[in-house]
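Descriptive structure summary
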Amino acid sequence: MAGDEKVVAFQDIKPAAFRHYLVIPVDHIPTVKDLQRREEDYSLVSHMLTVGQTLLRRDAPQSNQYRFGFHQPPLNSVNHLHLHCLALPFMPRQVLIFGSHYVFEFYIIHVSTMGWKRVKYLSLGPLGGFIEAEKLLEKIKPYSPIAS
């Protein structure tokens with residue numbers, strides 16, 4: 001779908017939203033916990049976000065809500081850093097049955113009136129969960145040198 005020397009972007013194989021893309025770094029980084037307050041990590045995450053925003057603005061300009069973020073351990077399913085880029089609304093999961101016939105399978109798990117897909121993309125504070133890309137950028141922004 002898109003890529004350069006730093007990242008590759010493609011559609012999520014189990015989309016949770018109207019448009020759901022993943023942006024991953026070419027170099028292996030296991031999780032957000034492996035990122036540090038250094039320029040190269042900040043620059044990479046910033047670039048990942050820019051690529052994701054560009055793709056969603058191009059492919060889902062009619063969406064009025066976007067979400068960009070990362071799952072944090074222990075709730076990440078893949079040990080390779082990846083940015084979720086979502087153009088809402090959230091969608092029911094589709095299950096392929098008998099070739100081209102689709103059945104919509106709704107999640108049974110609900111927290112209040114929210115479905116699992118919505119919960120999966122929420123921050124759970126100290127428990128981890130989903131961290132918005134902008135919040136991660138704040139956490140890994142390199143310290144400014146102190147002027148003398």
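Residues numbered from 1 in each chain as written. Predicted model: local features only at pLDDT ≥ 70, side-chain atom pairs only at ≥ 80, totals over all residues. Heavy atoms only, no water.

With an unreviewed UniProt entry as reference, the protein is termed HIT domain-containing protein, source organism Xanthoceras sorbifolium.

Notes on the overall build of the protein
A tally of regular secondary structure across the protein gives 3 helices and 10 strands. Order of helices (α) and strands (β) in the protein, N terminus to C terminus: β-β-β-α-β-β-β-β-β-β-α-β-α. Counting across all 148 residues of the protein, residues that qualify as buried make up 36%. When contacts within the protein are restricted to residue pairs at least 6 apart in sequence, long-range pairs at least 24 apart make up 64% of them. Accessible surface computed for the protein: about 9400 Å², of which carbon and sulfur atoms make up 58%. (Helix = DSSP H or I, 4+ residues; strand = E, 2+ residues; numbered from the N terminus. Buried < 20%, exposed > 50% of the residue type's maximum accessible area, 1.4 Å probe, protein only. Contact = heavy atoms within 4.5 Å. Areas by Shrake-Rupley, 256 points an atom, 1.4 Å probe, with all protein chains shown as cover.)

Description of the pairing of strand β4 (residues 66-72)
Regular strands place side chains that alternate from one sheet face to the opposite one. The buried count for β4 comes to 6 of 7 residues, which makes it a mostly enclosed element. The pairing of β4 with strand β5 (residues 83-90) spans 4 bridges and is classified as antiparallel. Each bridged residue has a counterpart across the sheet, and for R67 the counterpart in β5 is L86. Pairing of β4 with strand β10 (residues 129-132), which is carried by 4 bridges, proceeds in the antiparallel orientation. Across the sheet, residue Q72 finds its bridge partner in β10, namely G129. (Pairing = 2+ DSSP bridges.)

As for the pairing of β5
Of all 8 residues that make up β5, 7 are buried, and the element is covered over most of its length. Examined bridge by bridge, strand β3 (residues 17-25) and β5 share 6 bridges and lie antiparallel to one another. If you follow A17 over to β5, its bridge partner there is F90.

A few points about a nonpolar patch on the surface
Taken together, the side chains of M1, V8, F10 and V26 define a hydrophobic patch exposed on the protein surface, amounting to about 330 Å² of accessible area. By relative accessible area, which is 32% here, F10 ends up partly exposed. (Patch = residues over 30% accessible without salt bridge, like charges linked within 9 Å, V, L, I, M, F, W, Y side chains within 5 Å. Salt bridge = Lys/Arg side-chain N within 4 Å of Asp/Glu carboxyl O.)

Things to note about the environment of R67
The topology assignment puts R67 in strand β4. Given a relative accessible area of 13%, R67 falls into the buried group. Here the alpha-carbon distance between R67 and G52, two residues 15 residues apart in the chain, equals 9.9 Å. Once you skip the residues sitting within four places of it in the chain, R67 turns out to touch H84, C85, L86, L88, F90, Y121, F130 and E132. A polar contact is formed between the side chain of R67 and the side chain of E132, at a distance of 2.4 Å. (Polar contact = N/O pair within 3.5 Å; in protein donor to acceptor, adjacent residues only side chain to side chain.)

Remarks on the packing of aromatic side chains
Under the counting rule described, the total for this entry stands at 1 aromatic pair. Note on Y66 and F68: the rings are 6.3 Å apart at their centroids and 35° apart in plane angle, and the pair reads as tilted. Of the residues examined, F68 reaches a relative accessible area of 11% and is grouped as buried. Between R19 and the ring centre of F18, over which it is positioned, the NZ or CZ distance is 4.4 Å. (Phe/Tyr/Trp six-rings, centres within 6.5 Å; stacked < 30°, edge-to-face > 60°. Lys NZ or Arg CZ within 6 Å of the ring centre and 35° of its normal.)

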